[in-house]
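Breakdown of the fold
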Amino acid sequence: AFAPRVFSGVQPTGNLHLGNYLGAIRKFVALQESQDCIYCVVDLHSITAQLVHEDLKGQIRSITAAFLAAGIDPKRHIVFNQSRVSGHAELAWIFNCVARIGWMNRMTQFKEKAGKDRENASLGLLAYPSLMAADILLYRATHVPVGDDQKQHLELTRDIAIKFNNDFSGRIAAAGLGTEIAMGDETVNGYFPITEPMIEGPATRVMSLKDGSKKMSKSDPSDLSRINLTDDADQIARKIRKAKTDPDALPSETAGLAGRAEADNLVGIYAALAETRKADVLTEFGGRQFSEFKPALAELAVEKLAPINAEMRRLIDDPGHIDAVLKDGGERAGAIAERTMRDVKEIVGF
Ligand code: ADP
Ligand code: NA
């Protein structure tokens, strides 16, 4: 069996928001207590939708600062940016030849990001999931904490691992590089693990504060739609006060949130920040109006985010330290990646 290993990444594009924090980064921090973790600023991904960026280096540092400020320990685990390790692009090329065009065409993120003018989307945007599979499998990671929007990409990562293992099964065995993988009732021998997504808890899909049908996103033109990790206490309170809601009181049970997307979202955010369940939040706030719930939510959000915000600012003022963390992480990631690429080249037959 494969040794358990966690891998996940965040793109250095735009401001980090509450969805990124609750859906991903906070889980990274929790997992580091019990797991061997690799957390990556996926800068190669950030040029798929937009090629030229104003300050990519600054964005890379800012995401790294958020990782560290949230509590990730770069000494015990690996924190680095993707472009430092050439194995990501190298393995992605091999996976481009494993994956089928039809698999990529089915990806909802590609359809959303490419919009109507698909012919004019970058080839990289189409191949994005193949690079993501490479990010994960370069370290033969077994577990990937992500938000709900990444579920389909993780299924594709599994499909790529399965096809690689099947297509090269003879070579993998001949080279003595096979590892036992439990798949349902069967055990197969393969080189890459079949990665498990970790998508759990009350905030796997944090929605826009202005529209309960859209996810909170870096690319939403309305800044009122999201709480940024860099927002100060006043901005957080103002955005929550202005968040869209309905006129009814909060229900006392989760069933009462059905059909009330905005209410469901705010209760989910509260539950995630308080590290409890929606049902417990409703036990406390059921029957009360949003005029009472919103200030409580704002207070909790400020309490949880202000220390991270302050630490991020402190770290961003010391780019030398951040760059040293990325360099060290890149070297340690690179050593693991090199072993994988040596094996993969032997298996493919180069
Ligand atoms: P974005 O989707 O904001 O552009 P990334 O693609 O870099 O950001 O995603 C980083 C992580 O944050 C991923 O694990 C993604 O699933 C998670 N994530 C992004 N948006 C949300 C959201 N609204 N709710 C929960 N998790 C999210
Ligand atoms: Na995303």
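Since we're looking at a predicted model, the values are computed, not measured.

Overview of the site of ligand 1
Taken together, 18 residues lie around ligand 1, and Gln11, Gly147, Asp149, Val206 and Lys215 are the ones closest in. Between an oxygen atom of ligand 1 and a side-chain N or O atom of His17, the distance comes to 3.0 Å. Gly147 is positioned with one of its backbone polar atoms (N or O) 2.9 Å from an oxygen atom of ligand 1. If ligand 1 stood free it would expose 530 Å²; the protein chains cover 94% of that surface. A per-element tally of the shell around ligand 1 places helix H1 (residues 18-31) first, with four residues. Among the residues forming the shell around ligand 1, the class breakdown is six nonpolar, eight polar and four charged.

Section: the pairing of strand S3 (residues 78-81)
On S3, burial covers both faces: Ile78 and Phe80 on one face and Val79 and Asn81 on the other are all buried. Once the chain exits strand S2 (residues 37-41) it traverses helix H2 (residues 56-70) before rejoining the sheet at S3, and the crossover so formed is right-handed.

Thoughts on the packing of aromatic side chains
Inspection of every chain in the model, using the stated rule, returns 14 aromatic pairs. Taken together, the aromatic side chains of Phe95, Phe164, Phe168, Tyr191 and Phe192 make up a single cluster linked through ring pairs. The ring of Tyr191 carries Arg140 above its face, with NZ or CZ at 4.0 Å from the centroid.

Some words on the domain arrangement of the protein chain
Structurally, the protein chain comprises domain 1 (6-202 + 318-348) and domain 2 (223-315). Computed over C-alpha atoms, the centres of domain 1 and domain 2 are 30 Å apart. Roughly 1600 Å² is buried in total at the junction of domain 1 and domain 2, and carbon and sulfur atoms are behind 72% of that figure. It is Leu18, Ala69 and Pro202 in domain 1 that bury the most area against domain 2; as a group they hold 36% of the surface buried on that side. In this structure, the connection of domain 1 to domain 2 is made through zero salt bridges. The interface formed by domain 1 and domain 2 holds five residue pairs in polar contact (both at pLDDT 80 or more) in total.

Rules used in this analysis
- Residues numbered from 1 in each chain as written.
- Chains lettered and ligands numbered in written order.
- Predicted model: local features only at pLDDT ≥ 70, side-chain atom pairs only at ≥ 80, totals over all residues.
- Heavy atoms only, no water.
- Near = heavy atom within 4 Å.
- Polar contact = N/O pair within 3.5 Å; in protein donor to acceptor, adjacent residues only side chain to side chain.
- Areas by Shrake-Rupley, 256 points an atom, 1.4 Å probe, with all protein chains shown as cover.
- Helix = DSSP H or I, 4+ residues; strand = E, 2+ residues; numbered from the N terminus.
- Nonpolar A, V, L, I, M, F, W, Y, C, P; charged D, E, K, R; others polar.
- Buried < 20%, exposed > 50% of the residue type's maximum accessible area, 1.4 Å probe, protein only.
- Right-handed = clockwise from strand over helix to strand, strands pointing away.
- Phe/Tyr/Trp six-rings, centres within 6.5 Å; stacked < 30°, edge-to-face > 60°.
- Lys NZ or Arg CZ within 6 Å of the ring centre and 35° of its normal.
- Domains from an automatic or database assignment.
- Buried area = accessible area lost by both parts, 1.4 Å probe.
- Salt bridge = Lys/Arg side-chain N within 4 Å of Asp/Glu carboxyl O.

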